[in-house]
Amino acid sequence: MAAVAVAGTAAVAATGFGYDAVLGGNEQNGETGGGLPPQTAQVSRQTLVDSQTESGELGYGNSTTVSGRVGGTLTGLPSTGSTIKRGQALYRLDNTPVLLLYGSLPAYRALSPGVEGADVKQFEENLRALGYDGFTVDDAYSVSTASAVRKWQEDLGLPQTGTVELGRIAYAAGAVRVDTHEAALGDAVQPGTAVLSYTGSARVVTVELDVADQRLAKKGTAVSLTLPDGKTTAGKITKVETVIDTGSGSQGGGQEDPKTKIKVTVTVTDAKALAGLDQAAVDVAFTASQRENVLTVPVAALLALAEGGYGVQVVDGASTRIVAVQTGMFASGRVEVTGDGLAEGMKVGIPA
């Protein structure tokens, strides 16, 4: 059984399932080695962890722009940094409120008796959550729904029509934080005019990964965060999306080629750990996978066999032999191995 020994430090290239060792060095022939290796290491049983730390940014996540759906004069804007919750005004046109409600389906038509659809149910769920009743929450806008809407309109100081006009409400996934003003008080707002932008109300950490590191980005996976003061806290991956980095202008006035990135959003488990922080650089430790209680050897102990695959040089007293092995996970300079007769505590050679 011929083998090619590792010369110096083994170079390994990551793949989706492990690594390929790039090996080179002196050839040894036969089942027994041609002399004892210059160094040895023990076969040990341990847990291997495929982990990687990347830089992230603490903030409030993606920004969304709100544009007017009807015309009017902008008469009210919440201050930047303020939080707007369900039923509160995002802004005011002609001194009447445009209101925030919760939901994933954008408002796209007026709602009045006889209208049916998923948007009706979404609106009725919000109306019920605001404390109004006397109607059934379903996909039909009934006379009873209109009656509850008139009460809601009365409380808001709006004309009591029983109809929800297009442009009166805007939907978001939850409470929002006003990020920037896109228009000023007194501006004339037309349909499509940008009024303000908002983010989520909770601080999150965002990380952009190379596509080659996509194995790290698994929704629901726990991560460890290191804050600027050196303290650590826990987080969880809540969103993974593919984005295009269009590149930025270079010193020569050119532009870099667009690059595909994996954008990861991490929610911090304990918001109190972020006290005093608004925006900051954060180190995010990802764990892609781990293998528990497996036999491992140093990567430098791997030998490329002439017939294909890998082996290790087992040292037994004054003699050596080559044992073919199957490799598994690579991590922290060690590799998971399995092979006939391979056991914990054995010595393996480390070629010069």
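Predicted, not measured: the structure shown is a model, and the values here were computed from it. (Residues numbered from 1 in each chain as written. Predicted model: local features only at pLDDT ≥ 70, side-chain atom pairs only at ≥ 80, totals over all residues. Heavy atoms only, no water.)

Caption draft 1: Up close: the overall build of the protein chain. Counting its secondary structure elements, the protein chain contains 2 helices and 25 strands. Taking contacts inside the protein chain between residues at least 6 apart in sequence as the whole, the part at least 24 apart equals 66%. (Helix = DSSP H or I, 4+ residues; strand = E, 2+ residues; numbered from the N terminus. Contact = heavy atoms within 4.5 Å.)

Caption draft 2: Spatial organisation of the packing of aromatic side chains. Summed over all chains, the structure comprises 1 aromatic pair. Their ring planes at 65° and their centres at 5.7 Å tell us that Phe123 and Trp152 sit as a pair that is edge-to-face. A residue pair is termed long-range when its members are at least 10 positions apart, and Phe123 in helix H1 (residues 118-129) and Trp152 in helix H2 (residues 143-156) qualify at 29 residues. Of the residues examined, Phe123 reaches a relative accessible area of 1% and is grouped as buried. Residue Trp152 is classed as buried on the basis of its relative accessible area of 4%. Here Arg128 stacks its cationic end above the ring of Phe135, 4.8 Å away from the centre of that ring. The ring of Tyr60 has Arg177 sitting right over it, with the charged end atom 4.0 Å from the ring centre. (Phe/Tyr/Trp six-rings, centres within 6.5 Å; stacked < 30°, edge-to-face > 60°. Buried < 20%, exposed > 50% of the residue type's maximum accessible area, 1.4 Å probe, protein only. Lys NZ or Arg CZ within 6 Å of the ring centre and 35° of its normal.)

Caption draft 3: Looking closely at a negative patch on the surface. A surface patch of like charges, here negative, comprises Glu208, Asp245, Glu256 and Asp257. Owing to a relative accessible area of 33%, Asp245 belongs among the partly exposed residues under this scheme. (Patch = residues over 30% accessible without salt bridge, like charges linked within 9 Å, V, L, I, M, F, W, Y side chains within 5 Å. Areas by Shrake-Rupley, 256 points an atom, 1.4 Å probe, with all protein chains shown as cover. Salt bridge = Lys/Arg side-chain N within 4 Å of Asp/Glu carboxyl O. Lys, Arg positive; Asp, Glu negative; His and termini not counted. Charge placed at Lys NZ, Arg CZ, Asp CG, Glu CD.)

Caption draft 4: Quick peek at the nonpolar core. Val205, Leu209, Leu225, Val264 and Phe286 are the most contacted members of the largest nonpolar core, which totals 20 residues. Elements supplying a minimum of two residues to this core: strand S16 (204-210), strand S17 (222-226), strand S19 (259-268) and strand S20 (280-298). Counting residues per element, this core draws most heavily on S20, which supplies 5 residues. Beyond its immediate sequence surroundings of up to four residues, Leu225 is in contact with Val205, Lys231, Thr232, Thr233, Ala234, Gly235, Val266, Val268, Val282, Asp283 and Val284. (Core = buried A, V, L, I, M, F, W, Y, C linked by side-chain atoms within 4.5 Å.)

Caption draft 5: Region of interest: the pairing of strand S13 (residues 176-181). As defined by bridge partners, strand S9 (residues 83-84) adjoins S13 across 2 bridges and the pair is classed as antiparallel. When the bridges of S13 are listed, Ile84 appears paired with Val176. One ladder, built from 5 bridges, connects S13 with strand S15 (residues 194-200); its direction is antiparallel. Paired with Arg177 across the strands is Thr199, a residue of S15. (Pairing = 2+ DSSP bridges.)

Caption draft 6: View of the layout of surface pockets. What the largest pocket holds in volume is close to 480 Å³. Of all the elements in the fold, those that place two or more residues in the lining of the largest pocket are S15, S16, strand S18 (232-245) and S19. Looking at the lining of the largest pocket, its residues break down into 8 nonpolar, 11 polar and 2 charged. For the second largest pocket, the calculated volume is near 310 Å³. As for the second largest pocket, its lining consists of 19 residues, of which Val66, Pro106, Ile169, Ala170 and Tyr171 are closest to the centre. Looking at the lining of the second largest pocket, the elements that each hand over two or more residues are strand S7 (64-67) and strand S12 (169-172). Among the residues making up the lining of the second largest pocket, the classes are represented as 12 nonpolar, 6 polar and 1 charged. (1 Å grid on protein atoms, 1.4 Å probe; cavity = no way out; pocket = protein on both sides within 12 Å on 5 of 7 lines; lining within 4 Å. Points joined across faces, edges and corners; volume = space filled by probe spheres on them. Nonpolar A, V, L, I, M, F, W, Y, C, P; charged D, E, K, R; others polar.)

Caption draft 7: The sheet that holds strand S11 (residues 96-102), seen in detail. Pairing within the open sheet is mixed, and its 5 strands lie in the order S12-S11-S10-S8-S14. Each of the sheet's edge strands pairs with one partner strand only, and the pair in question is S12 and strand S14 (188-189). Pairing geometry for strand S10 (residues 89-93) and S11, over 4 bridges, is antiparallel. Of the residues in S11, the one forming a bridge with Ala89 is Leu99.

Caption draft 8: Region of interest: the pairing of S18. Bridging between S17 and S18 involves 5 bridges; their strand directions are antiparallel. By the bridge assignment for S18, Val223 is matched with Gly235. Here S17 folds back onto S18, and the loop between the two strands holds 5 residues, one of which, Gly230, carries a positive phi near 90°. Here S18 pairs with S19 via 10 bridges, running antiparallel. Within the sheet, the bridge partner assigned to Ile237 lies in S19 and is Val266.

Caption draft 9: View of unusual backbone geometry. Non-glycine residue Asp94 carries a positive phi angle of around 50°. Mapping Asp94 onto the fold places it in the loop between S10 and S11. By relative accessible area, Asp94 is classed as partly exposed at 48%. The backbone phi angle of Ser332 is positive, close to 55°, even though this residue is not glycine. Relative to the assigned elements, Ser332 resides in the loop between strand S23 (319-331) and strand S24 (334-338).

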